[in-house]
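Tertiary structure, described
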Number of protein chains: 2
Amino acid sequence: MQHCDTLIAPRWCIPVEPAGVLLEGHAIIVADGRIVDLLPVENALNRYQPSVLIERPQHVLIPGLVNAHTHAAMTLMRGFADDMPLESWLRDKIWPAEIQHVSAEMVRDGTELAIAEMLTAGITCFSDQYFFPEIVAETAVDLGMRAMIGTPVLDFRTPWANDAEEYLHKGADLVHDPYSGHPLISSCFVPHSTAVLSDESFTALRVTADQLDVRVQIHLHETAAEITASMEETGQRPFDRLEKAGLINASLLAVHAIHLNAGELARMSEAGVNIAHCPRSNLKLASGIAPIAKYRAAGINVAIGTDGAASNNVLDVLAEMRLAALLAKSAAADAAAIPAPEALHMATLGGARALGLGHAVGSIETGKWADIACIDLNTLHSQPVYDVCSQLVYAAHSDQVTDVWVAGKHQLDNGKLAHINSDNVLKRSNEWRERFAAQAGMQ
Amino acid sequence: MQHCDTLIAPRWCIPVEPAGVLLEGHAIIVADGRIVDLLPVENALNRYQPSVLIERPQHVLIPGLVNAHTHAAMTLMRGFADDMPLESWLRDKIWPAEIQHVSAEMVRDGTELAIAEMLTAGITCFSDQYFFPEIVAETAVDLGMRAMIGTPVLDFRTPWANDAEEYLHKGADLVHDPYSGHPLISSCFVPHSTAVLSDESFTALRVTADQLDVRVQIHLHETAAEITASMEETGQRPFDRLEKAGLINASLLAVHAIHLNAGELARMSEAGVNIAHCPRSNLKLASGIAPIAKYRAAGINVAIGTDGAASNNVLDVLAEMRLAALLAKSAAADAAAIPAPEALHMATLGGARALGLGHAVGSIETGKWADIACIDLNTLHSQPVYDVCSQLVYAAHSDQVTDVWVAGKHQLDNGKLAHINSDNVLKRSNEWRERFAAQAGMQ
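Given the structure is predicted, the values throughout are model-derived calculations rather than measurements.

Attention shifts here to the overall build of chain A. In terms of helices and strands, chain A carries 15 helices and 17 strands. Principal-axis analysis of the C-alpha atoms gives chain A an extent of 65 × 45 × 45 Å. Residues counted as buried form 63% of the 443 residues belonging to chain A. Long-range contacts, defined here as pairs at least 24 residues apart, represent 74% of the contacts in chain A between residues at least 6 apart.

Residues and elements named next belong to chain B. Where helix α5 (residues 164-176) meets helix α6 (residues 199-212), the closest approach of the two axes is 10 Å, and the angle between their N-to-C directions is 10°. Between α5 and α6, the angle is such that the two are roughly parallel. For the pair α5 and α6, contact is made by Ala164, Leu168, Ala172 and Val175 and by Ser201, Ala204, Leu205, Thr208 and Leu212, respectively. Taken together, the residues that form the contact of α5 with α6 break down as seven nonpolar, two polar and no charged.

Here we come to the relation of the copies chain A and chain B. The two copies are related by a screw motion: chain A maps onto chain B through a turn of 180° and a shift of 0.0 Å along the axis, at an RMSD of 0.0 Å. What the superposition gives is, in effect, a two-fold axis relating one chain to the other. Within chain A, Asp399 of chain A has its C-alpha nearest the rotation axis, a separation of 3.4 Å. Comparing interface residues between copies, 100% of those in chain A also sit at the interface in chain B, which points to an isologous, same-surface contact.

All names here are of chain B. With parallel pairing, eight strands are arranged side by side in an open sheet as β6-β7-β8-β9-β10-β11-β12-β13. In this open sheet, the two edge strands, each paired with only one partner strand, are β6 (65-70) and β13 (302-304). Here the average twist between neighbouring strands, direction ignored, is 25°. Relative to β13, strand β12 (residues 274-277) runs parallel, the two sharing three bridges. Looking at the pairing, His277 lines up with Ile304 of β13. Sheet strands in contact with helix α4 (residues 133-143) are β7 (123-129), β8 (146-153) and β9 (185-191), and its direction is about 175° off that of β8.

Residues and elements named next belong to chain A. Along strand β1 (residues 2-13), 10 of the 12 residues are buried, which leaves the element largely enclosed by surrounding structure. Examined bridge by bridge, β1 and strand β5 (residues 48-63) share 10 bridges and lie parallel to one another. Along β5, the bridge assignment pairs Ala9 with Glu55. As paired elements, β1 and strand β3 (residues 26-31) share three bridges and run antiparallel to each other.

Sheet strands pair by backbone hydrogen bonding; their relative direction is either parallel or antiparallel. Residues and elements named next belong to chain A. Strands sit in the order β6-β7-β8-β9-β10-β11-β12-β13 across an open sheet of eight strands; the sheet is parallel. Looking at which strands have only one partner, the edges of the open sheet turn out to be β6 (65-70) and β13 (302-304). Neighbour-to-neighbour, the strand axes of this sheet turn through a mean angle of 25°, independent of strand direction. Across the sheet, helix α13 (residues 340-354) is in contact with β6, β11 (252-256), β12 (274-277) and β13; its angle to β13 comes to roughly 110°.

Time to look at the environment of Thr366 of chain A. Residues and elements named next belong to chain A. Topologically, Thr366 is positioned in the loop between α13 and β14 (372-376). By C-beta crowding, Thr366 is classed as partly exposed, having 13 other C-beta atoms within 10 Å. For the pair Thr366 and Ile35, spaced 331 residues apart in the sequence, the C-alpha separation amounts to 5.0 Å. With residues near it in sequence (within four places) discarded, Thr366 still touches Ile35, Val36, Asp37 and Leu38.

Facing 54 residues of chain A, the contacting portion of chain B comprises 54 residues. Elements with a contribution of two residues or more to the side of chain A that touches chain B: α3 (104-120), α10 (279-284), α12 (317-332), α14 (388-394) and α15 (422-439) of chain A. For the side of chain A that touches chain B, the leading source of residues is α15 of chain A, giving seven residues. A class-by-class count of the residues in the side of chain A that touches chain B yields 29 nonpolar, 13 polar and 12 charged.

Structurally, Ala116 of chain A is set in helix α3. Taking the number of C-beta atoms within 10 Å as the measure of exposure, Ala116 of chain A has 27 and is therefore buried. Separated by 70 residues in sequence, Ala116 of chain A and Ser186 of chain A place their C-alpha atoms 20 Å apart. Once residues within four sequence positions are removed from consideration, Ala116 of chain A is found in contact with Leu417, Ile420, Ser422 and Val425 of chain A together with Leu380 of chain B.

For the rest of this paragraph, the subject is the domain arrangement of chain A. All names here are of chain A. When the domains of chain A are assigned, the result is domain 1 (2-63 + 372-406) and domain 2 (65-354). For domain 1 versus domain 2, the distance between C-alpha centres works out to 30 Å. Facing the 19 residues of domain 1 at the interface are 22 residues of domain 2. Mapped by element, the contributors of at least two residues to the side of domain 1 that touches domain 2 are β5, β14, α14 and β15 (401-406). The element that contributes the greatest number of residues to the side of domain 1 that touches domain 2 is α14, accounting for five residues.

So, about helix α2 (residues 86-101) of chain A. Along α2 of chain A, the sharpest change in direction is near 40° and occurs at Ile94 of chain A; proline Pro96 of chain A comes one to four residues later. Buried residues of α2 of chain A: Leu86, Trp89, Ile94, Ala97 and Glu98 of chain A, and no others.

Before going further, it helps to examine unusual backbone geometry. That bond from Asn312 of chain B to Asn313 of chain B is cis: its omega, 15°, falls within 30 degrees of zero. Relative to the assigned elements, Asn313 of chain B resides in the loop between β13 and α12 (317-332). Of the consecutive residues Gln383 of chain B and Pro384 of chain B, the connecting peptide bond is found in the cis state with omega at -5°. Mapped onto the elements, Pro384 of chain B comes out in the loop between β14 (372-376) and α14 (388-394). Non-glycine residue Asp307 of chain A carries a positive phi angle of around 60°. For Asp307 of chain A, the position within the fold is in the loop between β13 and α12.

This paragraph deals with the confidence of the model for chain A. Of all residues in chain A, 100% have pLDDT values of 70 or greater, and the mean over the chain is 96. With a pTM of 0.97, the predicted complex shows an ipTM of 0.96.

Residue and element names in this part refer to chain B. Every buried residue belonging to helix α7 (residues 224-234) is among Glu226, Ile227 and Ser230, and all of these are buried. Here the buried residues of α7 occupy an arc of 95° about the axis, which is enough to place them on one side. Exposed positions of α7 whose direction lies more than 90 degrees from the buried face are Thr228 and Glu232. Check the buried side of α7 and you find it contacts α8 (238-244).

Glancing now at the pairing of β12 of chain B. Residues and elements named next belong to chain B. By the alternation rule, side chains of β12 split into Asn274 and Ala276 and Ile275 and His277, which are all buried. In the sheet, strand β11 (residues 252-256) pairs with β12 via three bridges, with the strands oriented parallel. Bridge pairing in β12 places Ala254 opposite Ile275.

With that settled, the discussion passes to the environment of Ala172 of chain A. Residue and element names in this part refer to chain A. Relative to the helices and strands, Ala172 resides in helix α5 (residues 164-176). Separated by 103 residues in the primary sequence, Ala172 and Ile275 have C-alpha atoms spaced 24 Å apart. For Ala172, the residues in contact, after removing those within four places along its chain, are Thr208 and Leu212.

Calculation notes
- Residues numbered from 1 in each chain as written.
- Chains lettered and ligands numbered in written order.
- Predicted model: local features only at pLDDT ≥ 70, side-chain atom pairs only at ≥ 80, totals over all residues.
- Helix = DSSP H or I, 4+ residues; strand = E, 2+ residues; numbered from the N terminus.
- Buried ≥ 20, exposed ≤ 12 C-beta atoms within 10 Å, placed from the backbone.
- Contact = placed C-beta atoms within 7 Å.
- Axes fitted to C-alpha atoms, helices over the stretch in contact; angles between N-to-C directions.
- Parallel < 35°, antiparallel > 145°, perpendicular 65-115°, else oblique.
- Nonpolar A, V, L, I, M, F, W, Y, C, P; charged D, E, K, R; others polar.
- Least-squares fit on C-alpha atoms with pLDDT ≥ 70 in both.
- Pairing = 2+ DSSP bridges.
- Domains from an automatic or database assignment.
- Bend = angle between axes of the 7 residues up to and from the residue.
- pLDDT = per-residue confidence, 0-100.
- Arc of directions from axis to C-beta.

This is the structure:
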């Protein structure tokens with residue numbers, strides 16, 4: 001008998017890789033934070049002596065969901081300004097509130113709310129873009145959450161930095177210290193959009209990113225207005241400005257990427273650019289519908305993001321992948337487009353690859369970190385079960401997530417957060433609500 | 001002190017009528033199944049002596065959600081055939097399974113599963129279209145659910161009837177007996193679509209519907225293919241055939257109504273036709289996106305339907321109204337289109353009106369039946385709360401529904417079904433699963 005930390009015995013397991021596989025009656029063996037074996041449960045019980053045995057007889061185990069794009073701290077602004085177009089939403093509501101309130105303390109509390117919400121929804125890794133990224137990293141480490149920490153890069157002053165040089169400098173610090181090599185934390189640069197950086201700053205960004213070997217994320221072609229404004233100001237589409245700066249490459253995660261012409265699509269495919277699709281935010285801000293079936297057919301890796309709670313209003317990748325599958329069918333006028341297994345792939349391994357973490361997480365495979373979510377399918381709205389993956393994608397709610405492990409650590413245990421005090425998180429969220437509401441003249 | 005059956009004291013109440021109102025600290029007084037008062041909680045406690053006092057200090061009370069279009073018994077076929085276009089989905093999967101399995105027993109068990117699911121999701125009234133409508137009515141009465149029972153009308157044989165004359169005859173029987181005047185049950189005729197009835201049968205349907213003073217529902221202009229096929233077979237669009245039969249009137253509920261030309265839209269507005277919008281089903285079958293902001297601007301009453309679980313795959317009006325609000329913004333290219341209060345209106349009073357029940361349910365008003373849903377907003381993904389209605393529409397899950405009353409009867413009590421044994425329902429659902437799967441050669 002071999003010792004292991006955890007033996008999980010669900011009814012079903014969808015490992016995602018290899019594709020199309022549904023395992024029934026298999027056990028997942030976890031040791032030292034990693035998946036060390038995946039085998040029929042009777043063999044597992046003969047071979048392994050676990051410290052903890054978790055039986056989930058009506059559940060399906062999947063790789064932890066990956067939220068490829070969010071602004072975690074903005075969860076404190078959930079529902080702060082709804083039913084407004086993107087430009088005025090940002091200019092009249094979000095930015096004035098941020099100028100007033102963004103601080104290390106706000107980022108810590110907002111990120112903690114977001115992580116608590118994401119863990120309960122089966123998310124084990126998120127890619128964040130916000131100010132005070134060092135606080136986001138610290139909070140993720142404290143709470144045991146996997147995170148890709150995006151350092152903002154802007155040409156103007158915010159509560160965190162003064163100009164592009166300072167943003168890049170602070171971002172470089174973050175890569176080296178204190179989280180260099182931490183198993184849960186990776187870093188990247190996140191210029192907000194091409195509107196906020198000069199060509200010189202983009203070039204400086206590329207040089208720094210290359211030197212540090214870190215990836216870049218950017219909101220790209222989210223709205224038609226963004227493209228029109230860029231044409232008016234620079235005579236170029238945002239894509240072309242990135243291309244000239246040498247940023248159209250396999251290290252780029254293009255967020256939204258709704259409005260691509262045929263040439264841009266071909267170039268992104270050729271260069272191996274990844275796309276983070278945020279369907280609910282795109283609908284809510286009326287930005288458009290990204291034709292992801294077309295992107296997938298072109299061989300582009302598509303990940304799923306929730307965007308920030310201020311434009312969503314929940315951090316729920318399960319709901320987001322369902323919407324992605326549904327919208328893709330409509331956009332392609334083909335009910336067979338993005339079938340359930342492909343949607344699940346985008347929300348797991350597709351997300352991991354988009355963040356450069358495909359070797360480490362995103363599927364239930366021996367050797368990968370044990371980032372795992374477990375979903376109870378024995379609810380009224382998930383029965384009967386003809387096809388497990390289909391039921392997961394088209395019928396399951398995030399409330400059915402019972403268990404989550406991040407690097408083998410049991411973070412959600414039978415529906416309860418194991419290491420986060422939700423009452424404290426909600427109490428602090430409400431204190432922030434009072435401050436934001438007062439500033440905006442709300443009740 | 002006046003006696004009453006139930007005094008409910010939630011933190012908030014959105015009565016829907018009058019529009020735009022949010023009450024805080026108000027109590028709802030229920031007696032003899034009806035709402036008899038709505039007043040500040042301190043006054044209520046001085047004036048009423050309730051048999052039952054229900055305090056819900058972190059919850060919002062809303063009118064029970066109305067599911068304006070479903071096929072309840074098909075819940076047994078949830079996920080039976082996903083990722084397929086409408087025509088082959090029906091012809092190759094759904095219809096062969098129905099021919100084999102539809103029976104009074106199947107309709108009872110499927111409807112029971114659907115009602116259990118709907119009650120837990122805050123739905124207090126559903127409009128059903130399926131075979132054996134007398135069994136649907138009987139099941140709804142047994143379980144205490146409000147239902148609009150649609151009698152199918154077809155020109156061909158099914159397990160329930162042989163031809164249009166027999167369908168109409170059986171439908172007329174249902175109107176008169178045994179549910180005539182039952183407070184929970186109403187009836188209407190539901191020809192499946194114009195493809196399945198001759199002009200003569202439509203005329204007979206109109207005469208019978210007029211004589212009995214019952215309403216008509218029909219799948220109308222769900223797909224572009226439906227219109228093309230009608231043009232090829234009859235030289236007319238489905239809408240024109242209904243118009244000629246005298247069926248374009250205020251008693252009509254047009255289900256889906258995705259593809260309307262300007263003239264049809266104007267006529268529907270003028271005639272007071274209601275539309276049942278089923279956004280998730282429309283996306284999943286790639287039928288198109290109904291531009292409901294345009295319909296609402298034309299003054300058309302729009303209701304929300306889930307359609308059947310075989311094409312959705314859940315009966316969740318809360319999720320459906322969120323998707324309706326989001327999709328409408330995208331379709332209108334206007335993030336301000338269908339703001340949260342309008343989405344909630346469609347899912348409650350709009351639904352009630354579409355079923356001819358606007359006088360009886362759909363809002364929390366004195367004199368109406370106490371059809372009420374209560375939603376807990378104190379969850380990680382619903383906090384903080386800046387705008388209650390917005391939070392309800394854009395962030396709340398059906399799992400947050402804690403309580404439901406139908407005609408004053410407490411059907412969901414603090415998250416538990418009070419009068420339905422879920423385990424039995426799930427057991428029978430799984431027996432049906434085995435039969436459906438065996439017939440389809442699935443595992």
